[in-house]
Amino acid sequence: MTPPRARAAIARAAAIMLASAPAASAPVDTTATTTGGWHTDTDYGELFGRLNASTGAGPWQLALRVDTATFFADAAPPLDRYALEKASAGYTDRSLEVTVGDAYVSFGRGLVLSLRKLDELGVDTTVRGAKMLVHAGDFSATLVAGDANINNVDEATGTIIEDPYDLIAGAQAQVRVADRLHVGTHGSIVAFHDSLGLVEHDRYTDRATQVGVNLDAPRLTPNVGFYLEGVGQVVRAEPEPEEPTGFGLYGSATGYLGRGTLLIEGKAYGNLTPLKPDLGAAEFATVAYHSPPTVERVLQPIENPQREIAGGRTRFDWPLSPAWVVFANYGLFRDWQGYTDPESVGDIRPGTIHDPYAGLETRWNDGRSWAIVAGGHRRVVVDASGLVVRGDGHAALDLSQALNERWSLTLHGLHLERRKHSSPLLDEAFREGTVDAGFRVRPWIAVSGGYDYTTEPIQRRRDYFHGNLAWDLTPSSSLRLFAGAARGGLKCVSGTCRLFPPFEGVKVTATVRF
């Protein structure tokens, strides 16, 4: 059975089982999220819907998600979409979990396989097929197989794309040794529906196989914990790649030194081929089937993929008092993929990355008020000339001041100084940032006004003003309103980056659970 037909059969089976569930014995938990927006700059409207429904009886569970995308006005994207996006049926007891349909999966720290959801970037990838987890004393194992099911609609741009139909299989096993150490092994195979290179050939010809091992001891001793993971990769493709094999190594160690905490984290990635489909649309370039740890700040923009790079960071947290904590971090990496040397046109040379930052956190009013301040400057120095070819300075402030049991004032500020020096003709520096100030009335309403600014040359304006309203109608139902303009630009989460367009208009999101 071909992947599209298999997917349709699984979706129909889950939908039929969910619809036939007895309401009295197995109530259905439903959450409906609707987002409506109007783009005043491009004069089109959009209506996105997401209906999640789940039910269960004893060890059995059923779930589905229906997504809709409707566009209005002549300038709107040309296609609407209405689809059963996710569907699953599952069985769970003390020693066995079985899921048929859509499932998230991640092995280790993500070097071998990671299908996950990143709301900030619009990423929501599952494997549609079957997943089984087995627990037996100190032993556990996971088996998964199916094809990739991505989020087909990019809400930021209205772009719609079909699923890649890449085939994915993976296995993981882990055993606990002496109560303090877990030893595991895992592997995955990805067969790509379309070719990885420029030459078209038969489907599923290009394949990547990953095998890894890991050691996990969160508390090897009362004061020390560590994690270590290694992976090897073999890629078979047409034409044959110049370097068909690759490796990756990631590790972290945590030491509890009196009141302080020391974290040491490192990576060494060789010629790892990114496990991501070529979907032919920049809006979906964030879709990937693994996520090697970057060992850098979560929101740090990263230009090169996680390959041919090695280095690490050290972070130390120290509580000055019960109300004050300071922290400092220094990262050092060698990137052999390299950067253009401004003094040698066309030459790509390795670079050294320096990334120091520090900050402090304080709390008062029994923890109801708090402030976090942090800042640093990441720079990339290219070999030979020794010039700084990339610079990322950042300063951030988050503040919440409680006025009484319900009322509080909030302030968020972020300022970025960026530089890109690639040639005598391309040496650009720009700044951008966000300031949001508002108030919150617990547990119902939060109101804020914001200002975005940027001097990046590719942005069509410098200043963006907006307002936000968040109204929690119940603990599980809410209303969100955005009106005004927000800057675009590069946004990154854990090394996954994408370029967002600016937004001007009104957007309303309603979430209702019943």
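1. What to know about the packing of aromatic side chains
Across all of its chains, the model carries 9 aromatic pairs by this definition. Its end group placed over the ring of Phe-327, Arg-315 keeps NZ or CZ at 4.2 Å from the ring centre. Sitting over the face of the ring of Tyr-464, Arg-461 holds its NZ or CZ atom 4.9 Å from the ring centroid.

2. Topic: the pattern of salt bridges
Under the criterion given, the structure shown has 25 salt bridges. The partner of Arg-65 in a salt bridge is Asp-124, and the shortest N-O contact between them spans 2.7 Å. With a gap of 59 residues between them, Arg-65 in strand β3 (residues 60-72) and Asp-124 in strand β9 (residues 123-124) connect regions that are remote in the sequence. Neither residue differs from the other here; Arg-65 and Asp-124 are each classed as buried. Of the charged contacts, one joins Arg-378 and Glu-296 as a salt bridge, the two residues approaching to 2.7 Å between their closest N and O atoms. Taken together, the positions of Arg-378 in strand β23 (residues 369-382) and Glu-296 in the loop between β19 (260-269) and β20 (309-321) put the pair 82 residues apart, joining distant regions of the chain. Glu-296 carries the same exposure label as Arg-378, and that label is buried. One network of salt bridges, with partners in common, ties together Asp-41, Arg-460, Arg-461 and Glu-504.

3. Some thoughts on a nonpolar patch on the surface
On the surface, Phe-139, Val-175, Val-177, Val-183, Leu-215, Leu-228 and Leu-249 cluster together into a nonpolar patch covering about 490 Å² of accessible area. Position of Val-177 among the secondary structure elements: in strand β14 (residues 167-177).

4. Overview of the pairing of strand β2 (residues 44-57)
Examined bridge by bridge, strand β1 (residues 29-39) and β2 share 11 bridges and lie antiparallel to one another. Looking at β2, one finds that Gly-37 is bridged to Glu-46. The turn joining β1 and β2, which pair antiparallel and follow one another in sequence, is formed by 4 residues; a positive phi near 60° is taken by Asp-43. Bridging between β2 and β3 involves 13 bridges; their strand directions are antiparallel. Each bridged residue has a counterpart across the sheet, and for Gly-49 the counterpart in β3 is Thr-68. Between β2 and β3, which pair antiparallel and follow one another directly, the connecting turn spans 2 residues, one of which, Gly-58, has a positive phi of 65°.

5. As for the nonpolar core
Among the nonpolar cores identified, the biggest contains 36 residues, and Val-105, Leu-113, Leu-115, Ile-168, Phe-284 and Tyr-289 are the most heavily contacted of them. For this core, the secondary-structure elements that each account for two or more residues are β11 (139-149), β17 (224-236), β21 (324-340) and β23. Considering each element in turn, this core owes the most residues, 3 residues, to β17. The contact partners of Phe-284, leaving out residues within four places of it in the chain, are Ile-150, Asn-151, Asn-152, Val-153, Asp-154, Thr-159, Ile-161 and Leu-279. Grouped together as the second largest cluster of nonpolar side chains are 6 residues, Tyr-44, Phe-48, Phe-71 and Val-153 included.

6. Details of the environment of Leu-387
Within the secondary structure layout, Leu-387 lies in the loop between β23 and β24 (388-402). On the basis of relative accessibility, which here comes to 24%, the residue Leu-387 falls in the partly exposed class. Along the backbone, Leu-387 and Gly-351 are 36 residues apart, and their C-alpha atoms lie at a distance of 9.7 Å. With residues up to four places along the chain from it excluded, the contact list for Leu-387 reads Pro-342, Glu-343, Val-380, Val-381, Val-382 and His-421.

7. What to know about the confidence of the model for the protein
On average, residues of the protein score 90 in pLDDT, and 94% of them are at 70 or above. Here residues 16-24 is a poorly scored stretch, pLDDT under 50, and it has 9 contacts once near neighbours within four places are set aside; other chains count.

8. Focus on the pairing of strand β15 (residues 181-191)
Where β14 and β15 come together, 11 bridges link them in antiparallel fashion. Bridging from a neighbouring strand, Ile-168 pairs with Val-190 of β15. Between β14 and β15, which pair antiparallel one after the other, the connecting turn spans 3 residues, and Ala-178 there sits at a positive phi close to 55°. Summarising the sheet, β15 and strand β16 (residues 207-221) pair through 10 bridges and their orientation is antiparallel. Following the sheet pairing, Gly-187 is matched in β16 by Val-211.

Definitions and limits used
- Residues numbered from 1 in each chain as written.
- Predicted model: local features only at pLDDT ≥ 70, side-chain atom pairs only at ≥ 80, totals over all residues.
- Heavy atoms only, no water.
- Phe/Tyr/Trp six-rings, centres within 6.5 Å; stacked < 30°, edge-to-face > 60°.
- Lys NZ or Arg CZ within 6 Å of the ring centre and 35° of its normal.
- Salt bridge = Lys/Arg side-chain N within 4 Å of Asp/Glu carboxyl O.
- Helix = DSSP H or I, 4+ residues; strand = E, 2+ residues; numbered from the N terminus.
- Buried < 20%, exposed > 50% of the residue type's maximum accessible area, 1.4 Å probe, protein only.
- Patch = residues over 30% accessible without salt bridge, like charges linked within 9 Å, V, L, I, M, F, W, Y side chains within 5 Å.
- Areas by Shrake-Rupley, 256 points an atom, 1.4 Å probe, with all protein chains shown as cover.
- Pairing = 2+ DSSP bridges.
- Core = buried A, V, L, I, M, F, W, Y, C linked by side-chain atoms within 4.5 Å.
- Contact = heavy atoms within 4.5 Å.
- pLDDT = per-residue confidence, 0-100.

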